[in-house]
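Spelled out, the chains give:
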Amino acid sequence: MIMTTQANSSARRKVSLPAAPTLPFTHHPGSALSVEHFSLAEITHLLHRAHVLERENPLMRANRLARRRLGLLFYEASTRTRTSFELAAKGLGIDTTLVSNLSSSIEKGESLKDTGLTLKAIGVEAIILRHNSSGAPWLLEQFTGLPVLNAGDGWHQHPSQALLDLRTLLGHVSPRHFTGDAELTAETLKGYTLTIVGDILHSRVARSNMLLLPRLGAEVVLTGPPELLPEIAVTMGRDLKSGGIRIERNFETALEKSDALIMLRVQTERLAGLDLDLEEYKKNYQLTEERLAKYAPKALVLHPGPIIRGLELTSAVADGENSCILEQVHNGLPIRMALVERAYAALDALEMPTLFGQENRR
Amino acid sequence: MKTILIHGGRLLDPAAGVDAAKDLLLKDGRVAEIAGPGKIKNTGDAEVIDAKGLVVTPGLVDIHVHFREPGQAHKETIASGSAAAAAGGFTAVAMMPNTAPVNDSPEITRGMQAAERGARVRVFPIGAATRGVKGEAINDYAALKAAGVVAVSDDGLPILKESTMREALASAARHGLTVIQHAEDTNMTAGGSMNAGPVAFRLGLRGMPAEAESQLVERDIRLVGELNDLRPHYHVAHTSTAAAIVAIRKARRNGMRVTCEVAPHHFLLTDEHVAEFNTNAKMCPPLRSAADRDAIVEALMDGVVDSIATDHAPHAAHEKEVEFERAPNGITGLETSLGLSLEWLHHQWKLPLGRVLSLMSAQPAALLNLKGRGTLAVGSFADVLIFDPNAEWKYDAAKTLSKSRNTPFDGWTMRGKVHWTISEGKVAFKAEA
Ligand SMILES: [Zn+2]
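Model, not experiment: these values are computed from the prediction. (Residues numbered from 1 in each chain as written. Chains lettered and ligands numbered in written order. Predicted model: local features only at pLDDT ≥ 70, side-chain atom pairs only at ≥ 80, totals over all residues. Heavy atoms only, no water.)

Things to note about the overall build of chain B
- In terms of helices and strands, chain B carries 14 helices and 19 strands.
- Computed over its C-alpha atoms, the radius of gyration of chain B comes to 21 Å, within 12% of the 22 Å expected for a compact globule of 433 residues.
- For chain B, the spread of C-alpha atoms along the principal axes amounts to about 65 × 45 × 40 Å.
- Looking at chain B residue by residue over its 433 residues, the buried ones come to 65%.
- Within chain B, contacts between residues at least 6 apart in sequence are counted, and of these 74% link residues at least 24 apart.
- Accessible area of chain B: about 14,800 Å², with a carbon and sulfur share of 50%.
- Between the mean site of the 47 positive side-chain charges and the mean site of the 51 negative ones, chain B shows a separation of 4 Å. (Helix = DSSP H or I, 4+ residues; strand = E, 2+ residues; numbered from the N terminus. Rg over C-alpha atoms; globule rule 2.2 N^0.38 Å. Buried < 20%, exposed > 50% of the residue type's maximum accessible area, 1.4 Å probe, protein only. Contact = heavy atoms within 4.5 Å. Areas by Shrake-Rupley, 256 points an atom, 1.4 Å probe, with all protein chains shown as cover. Lys, Arg positive; Asp, Glu negative; His and termini not counted. Charge placed at Lys NZ, Arg CZ, Asp CG, Glu CD.)

What follows is the structure, given as structure tokens:
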């Protein structure tokens, strides 16, 4: 790579740069670390598998991965993601074990690497990780060599959430894509505008959707106050080949163009150091029935949960007919079954099948 | 001590203005004689080093290293760190005071220089600028200097408080010492683990803004101006931002004694190299934007930068094998500094060899007033590096002489192979044949 440097001196010279790293690690093919790692073809397949597994006879389904082992490693409180992954795994017949930071050796100071290696030694073949530190799933994958499914890392990524959000949107927009019968392309969501509202800065849900939806042609609009939505957020869209990412500070202007909304929780625990007035926030960014009816009567309303009624949205909106919030929860389970199935399929493809099942597995 | 005769080499001594085929005789730890090829006769007892095809130059000087002794011998000791220094071509290093305990007393300063430490090359302690590096009360610089410190710094931490910095600059000036600032306004960087910018946003990591460095440098330069009568010497450690370079350039144009160093990782890498949470690309100041990096390269080329320094900061593997935000700052650098500087500054970007060597030896030696070092003029210390400037090799961190391997340069192509490092007349490193 050759580029010209510009500085204060009059001299301009050609300076070649050491190449930026091209992904130094090879990821486990069964891992789900970031939505960036999934091709559109893979996502189409996942949607298809989610559809098939959802409709399958539960007794048949429970034979698919009977008595395989999976670890749920949770360093943060979580209700829907944890139960959703747990039921998804159990639905496929998997034995799961839950390790949380509040009732384990993690409390005694054990490192993530050692906890991961311990789970592996117990016979766990894949790990679902929720962690408050961005990048933790990369570390866990690197040191265990196991497929790791990222159930949310810091402010960074939450791929299963973005995939279930996509499934939810497609259920309303395009049934053939919802079932995975039609291939996803860079045109699938062309002309579709999705607005993410609120605390973009601290949101892994926002980042995951920003990395996924524009690849299907969607326009992602971000709205929120500067404290929670810094200008730099638009740089997430600078290398896009389709779709776009832009900021619109005025919520009502953003609403007028929106086909769907993702309302983010106001994470009051993160506001401590910020100069943010909650009343002012509600005045400018709360989704009320009146606002919805006036500016975006047809828009779908999504929320990753947990919702705080009366803060980012009113109770009437949460329970109203635009709301897809419970539908999202419902869609999460089949998507996570498909992700878990994919992890074990990758494991099996990597190793010779044994006659005696799991006892011979590493 | 054996007498050493180096013959057949090309003597390149930028400080003395020499670049010619010369033989050297090293005796009693000093350069005893320099003469044309074959002109020095071996009286019989000298060890003869054949330097044919090699460059003979003053041993390298690194004014910014962290050898974790006392206190954290599992990361590095003075013996292991100085062995890595010798392997990298260094004959003198200045050691930062953030050990445990902190080096804020003459006893610790003397302890670091004691023979029992087993230093392979010369180690010069830098004293803590403030008591316990707490940034409040300044230390007794006269006593520290008498014990051997060559500069004062709170490195690892900034001297943030304006009144403290003013006092440190004034007191250091009175005692002929340099104040080395780790320029980071920690009010702006709290919780940050990489450069603030698009990459940090994308990775969901709290950023450390470039202004945290440049604004403190600007503040300090204002203080240097206010203390102009005392002619304080202010030195910016590991300069990493374009804005800090602008401020330093301006101060120098105004005739102030303001100097700076840059580290190889800051002239080669950008925040993109953090890639997928590589903790060996985490240090403080962090890898910056491409624009910052370009400004650093430009400043090296046009002479605003006085020195290349590694900020060699060893950490054990288990300390780096943690979540990115929890990993300690710092990378090792002594064994890769010459190889990277020659490959990129000299071979790729065409900075003359003498300029590169000067940035790594004569200039840093002058900066900390290390008399008789950074040159091979007759009478100076017999600190010699003999190397092949063109040999290409790959760095293998597994073979390091340091106790730690936390480098982002593992497997990188280097240029310039060290054959001998001689420290005060003793062979400190010799390459395997
Ligand atoms: Zn420092």
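So, the confidence of the model for chain B
- On average, residues of chain B carry a pLDDT of 96, and 100% of them reach 70 or more.
- Scoring the predicted complex yields pTM 0.94 and, for the interface, ipTM 0.92. (pLDDT = per-residue confidence, 0-100.)

Some points on the side chain of B:K320
Residues and elements named next belong to chain B.
- Considering the arrangement of structural elements, one finds K320 in helix α11 (residues 317-320).
- Here P328 takes part through its backbone oxygen, which lies 2.8 Å from a polar atom of the side chain of K320.
- Beyond its immediate sequence surroundings of up to four residues, K320 is in contact with T279, N280, K282, H315, A327, P328, N329, G330 and N406. (Polar contact = N/O pair within 3.5 Å; in protein donor to acceptor, adjacent residues only side chain to side chain.)

Considering the side chain of A:T288
- Looking at the element boundaries, A:T288 is found in the loop between α10 (278-285) and α11 (289-295).
- Once residues lying within four places of it in the same chain are set aside, the contact partners of A:T288 are A:T314 and A:V317.

Notes on the domain arrangement of chain B
Residue and element names in this part refer to chain B.
- Segmenting chain B into domains produces domain 1 (3-56 + 381-430) and domain 2 (60-367).
- Using C-alpha coordinates to define each centre, domain 1 is positioned 26 Å away from domain 2.
- Counting residues at the interface gives 35 residues for domain 1 and 45 residues for domain 2.
- For the pairing of domain 1 and domain 2, the buried interface totals around 3,100 Å² over both sides, and the portion due to carbon and sulfur atoms is 64%.
- When the area that domain 1 buries against domain 2 is broken down by residue, the three leading residues are K403, N406 and R415, summing to 21%. (Domains from an automatic or database assignment. Buried area = accessible area lost by both parts, 1.4 Å probe.)

Side note on the pairing of strand β3 (residues 30-35) of chain B
- Sheet topology places strand β2 (residues 18-27) of chain B next to β3(B); 5 bridges connect them, and they run antiparallel. Bridge pairing in β3(B) links B:L25 to B:E33. (Pairing = 2+ DSSP bridges.)

Things to note about the coordination of the zinc ion
All names here are of chain B.
- Around the zinc ion, the donor atoms from the protein are D155 (OD), H182 (ND1) and H238 (NE2), and they sit 1.9 to 2.3 Å away.
- Within one chain, the residues serving as donors to the zinc ion are arranged as D-x26-H-x55-H. Placement of the pair is H182 in the loop between β11 (178-181) and α5 (186-189) and H238 in the loop between β14 (233-236) and α8 (242-253), with a sequence separation of 56 residues. Across the pair, H238 and H182 agree in class, each one buried. (Donors = N, O, S within 2.8 Å, 3.2 Å for Na, K, Ca; no water.)

With respect to the packing of helix α4 (residues 162-174) of chain B against helix α7 (residues 211-226) of chain B
Residue and element names in this part refer to chain B.
- Between α4 and α7, the shortest axis-to-axis distance is 10 Å and the interhelical angle comes to 50°. Between α4 and α7, the angle is such that the two are oblique. As α4 runs across α7, the sense of the crossing is right-handed. Contacts between α4 and α7 involve E162, M165, R166 and L169 from the first element and R219, D220, R222, L223, V224 and E226 from the second.
- For the contact of α4 with α7, the class distribution of residues is 4 nonpolar, no polar and 6 charged. (Axes fitted to C-alpha atoms, helices over the stretch in contact; angles between N-to-C directions. Parallel < 35°, antiparallel > 145°, perpendicular 65-115°, else oblique. Left-handed = near helix turned anticlockwise from the far one by under 90°. Nonpolar A, V, L, I, M, F, W, Y, C, P; charged D, E, K, R; others polar.)

Section: the sheet that holds strand β8 (residues 122-125) of chain B
Residue and element names in this part refer to chain B.
- Spatially, β6-β7-β8 is the arrangement adopted by the 3 strands of the open sheet, whose pairing is parallel. Both outer strands of the open sheet, β6 (60-65) and β8, are each paired with one neighbouring strand and no more. Shown here is a sheet whose adjacent strand axes are inclined to one another by a mean of 20°, direction ignored.
- With 4 bridges connecting them, strand β7 (residues 90-95) and β8 associate as parallel partners. Directly across from A92, in β8, lies its bridge partner R122.
- Relative to β7, helix α1 (residues 78-87) is tilted by about 135°, and along the sheet it contacts β7 and β8.
- Sitting on the sheet, helix α2 (residues 106-113) touches β7 and β8, and the angle it makes with β8 is about 170°.

Brief notes about the nonpolar core
- In this structure, A:L73, B:Y141, B:V217, B:Y234, B:F267, B:L338 and B:L345 are the most contacted members of the largest nonpolar core, which totals 111 residues.
- Residues from two domains meet in this core; each of domain 1 (3-56 + 381-430) and domain 2 (60-367) of chain B gives at least three.
- Membership of the second largest hydrophobic core comes to 67 residues, among which are A:L40, A:L164, A:L166 and A:I262. (Core = buried A, V, L, I, M, F, W, Y, C linked by side-chain atoms within 4.5 Å.)

Brief notes about the environment of B:L177
Residue and element names in this part refer to chain B.
- If you trace the backbone, L177 turns up in the loop between α4 and β11.
- On the accessibility criterion, L177 (4% relative accessible area) is buried.
- Other than its neighbours up to four places away in sequence, L177 contacts Y141, K145, V149, V150, A151, V152, A172 and H233.

What about helix α12 (residues 337-348) of chain B?
Residue and element names in this part refer to chain B.
- In this model, α12 (12 residues) spans 15 Å end to end at C-alpha, consistent with the 16 Å of a helix rising 1.5 Å per residue.
- Most of α12 is tucked away, with 11 of its 12 residues classed as buried.
- Among the residues of α12, S337, L338, G339, L340, S341, L342, E343, W344, L345, H346 and H347 are the ones counted as buried.
- Following α12 by one or two positions, K350 adopts a phi angle in the positive range, close to 65°. (Expected span 1.5 Å × (residues − 1).)

Brief notes about α1(B)
Residue and element names in this part refer to chain B.
- Among the 10 residues of α1, 9 are classified as buried, and the element is accordingly described as predominantly covered.
- If you follow the buried residues of α1, they end up packed against β7, α2, β8, β18 (413-423) and β19 (426-430).
- Looking one or two places after α1, you find G89, whose phi comes out positive at around 95°.

Describing the environment of B:G38
- Assignment of secondary structure puts B:G38 in the loop between β3 and β4 (47-50).
- In this structure B:G38 comes out as exposed when scored by relative accessible area, which is 64%.

Comments concerning the pairing of strand β15 (residues 258-262) of chain B
Residues and elements named next belong to chain B.
- Of all 5 residues in β15, 5 are buried; the element is thus mostly enclosed.
- Here β15 shows two buried faces, one formed by V258, C260 and V262 and the other by T259 and E261.
- Bridging between β14 and β15 involves 3 bridges; their strand directions are parallel. Its bridge partner being in β15, Y234 is matched across the sheet by V258.
- At this point the chain moves from β14, through α8, to the parallel β15, and the crossover so formed is right-handed.
- Strand direction decides the pairing type here: β15 and strand β16 (residues 307-308), joined by 2 bridges, are parallel. From the neighbouring strand, E261 faces β16, where its bridge partner is S307. (Right-handed = clockwise from strand over helix to strand, strands pointing away.)

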